[in-house]
Amino acid sequence: MNKKYLIITVICLIISLISGILSHDILIGGTNLLTALLCAYFSSEGKRISYILGLINYLLIGYISFKNQLYGLFIFGVIICPILQIEGYISWGKNLDENKTVKVREFTLKNSIIITLSCLIGSLILSYLLTLIPGQRIAFMDASSNIINLCGVVLMILRFKESWWIWLVNNIIDLLIWIITVIERGEGSIMMLLVSIGYLLINIYGIIKWNKDAKKEAN
């Protein structure tokens, strides 16, 4: 393993263990935080292992979301995302450079407008459907998080650098969701809040890294 990757992995492991011990949630919460941090980091580096880590992470998110009556996130994490993670792993394998790093693409203003409108319309439709489920909480935020996250995952599979901007919006929504859930003392919510903070920081790194990679591909 690359020395830098090994150091990052060890740091994430230590952070996850300490957070898990302090929050008394070392098994589910600690594993969730570890896989989330490593998935986001290796995605920013364009490495396929991110999809294996992502598969584990989304299943854990689905479990925690179900416990907190966030059924949109549950469906996304347990049913939709595993399929996308497998597709992403296969797709990236066909588009690697000599360093086994995925080749980055970028799209036009037209693509941006289409994605924005799709996220808005999709969020409104899913939000209404979620309100029909007894016990569902903060339906619009739950729906928005899922739709925007879905767009980000699809764009990431297609290797578009704009996926990181989509996820930045999703990260902000996720932060709000888990801050509210922490206040309401939801199960596993503290670790999910830490996951969201970790995603946000790595997301900023991903934006910078993929923008640089896209310029290299263009030259």
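Please refer to the structure placed before this passage.
Our subject in this report is the structure included herewith.

**Quick look at unusual backbone geometry**
Item 1. Located in the positive-phi region is Gln69, a residue other than glycine, with phi close to 60 degrees.
Item 2. When its relative accessible area of 33% is taken as the criterion, Gln69 is described as partly exposed.
Item 3. Even without being glycine, Arg159 reaches a positive phi, approximately 70 degrees.
Item 4. Mapped onto the fold, Arg159 is located in the loop between helix H6 (139–157) and helix H7 (163–183).

**So, the pattern of salt bridges**
Item 1. Taken as a whole and assessed by the stated rule, the structure comprises 4 salt bridges.
Item 2. The shortest N-O distance in the salt bridge between Glu162 and Lys161 comes to 3.5 Å. Each of the two residues, Glu162 as well as Lys161, counts as buried.
Item 3. Salt bridges sharing partners connect three or more residues here, namely Glu106, Lys161 and Glu162.

**Some remarks on the layout of surface pockets**
Item 1. When its volume is computed, the largest pocket comes out at roughly 180 Å³.
Item 2. Along its surface, the largest pocket is lined by 12 residues, and Asp97, Thr101, Lys209, Asp213 and Lys216 are the ones closest to its centre.
Item 3. Considering each element in turn, the lining of the largest pocket owes the most residues, 4 residues, to helix H8 (residues 189–218).
Item 4. Of the residues in the lining of the largest pocket, the class split is 3 nonpolar, 2 polar and 7 charged.
Item 5. By volume, the second largest pocket is sized at about 150 Å³.
Item 6. Of all the elements in the fold, those that place two or more residues in the lining of the second largest pocket are helix H1 (3–22), helix H2 (28–44) and H8.
Item 7. If you tally residues by element for the lining of the second largest pocket, the top one is H8, at 5 residues.
Item 8. Per-class residue counts for the lining of the second largest pocket are 8 nonpolar, 2 polar and no charged.

Conventions adopted
Counting restarts for each chain, with residues numbered from 1 along the sequence as it is written. The model is predicted, so local features are restricted to residues of pLDDT at least 70 and side-chain atom pairs to those at 80 or more, both for listing and for counting; the totals for chains, interfaces and linings are taken over all residues. Neither water nor hydrogens contribute to the side-chain values; these are computed over all heavy atoms in the structure. Burial status follows relative accessibility: with a 1.4 Å probe on protein chains alone, a residue under 20% of its type maximum counts as buried, one over 50% as exposed, and anything between as partly exposed. Going along the chain from the N terminus, every DSSP run of H or I of four or more residues is numbered as a helix, and every run of E of two or more is numbered as a strand. Here, a salt bridge means any side-chain nitrogen of Lys or Arg that lies within 4 Å of a carboxyl oxygen of Asp or Glu. Here a cavity denotes a set of grid points, spaced 1 Å apart and computed over the protein atoms alone, in which a 1.4 Å probe fits but from which it cannot get out, and a pocket denotes an open set meeting protein on both sides within 12 Å along at least five of seven lines; residues with an atom within 4 Å of a point are reported as lining. Grid points are joined across faces, edges and corners, and a volume is the space filled by probe spheres set on the points. Only Asp, Glu, Lys and Arg are considered charged, only Ala, Val, Leu, Ile, Met, Phe, Trp, Tyr, Cys and Pro nonpolar, and every remaining residue, Gly among them, polar.

Distances and angles like these do not, on their own, reveal function.
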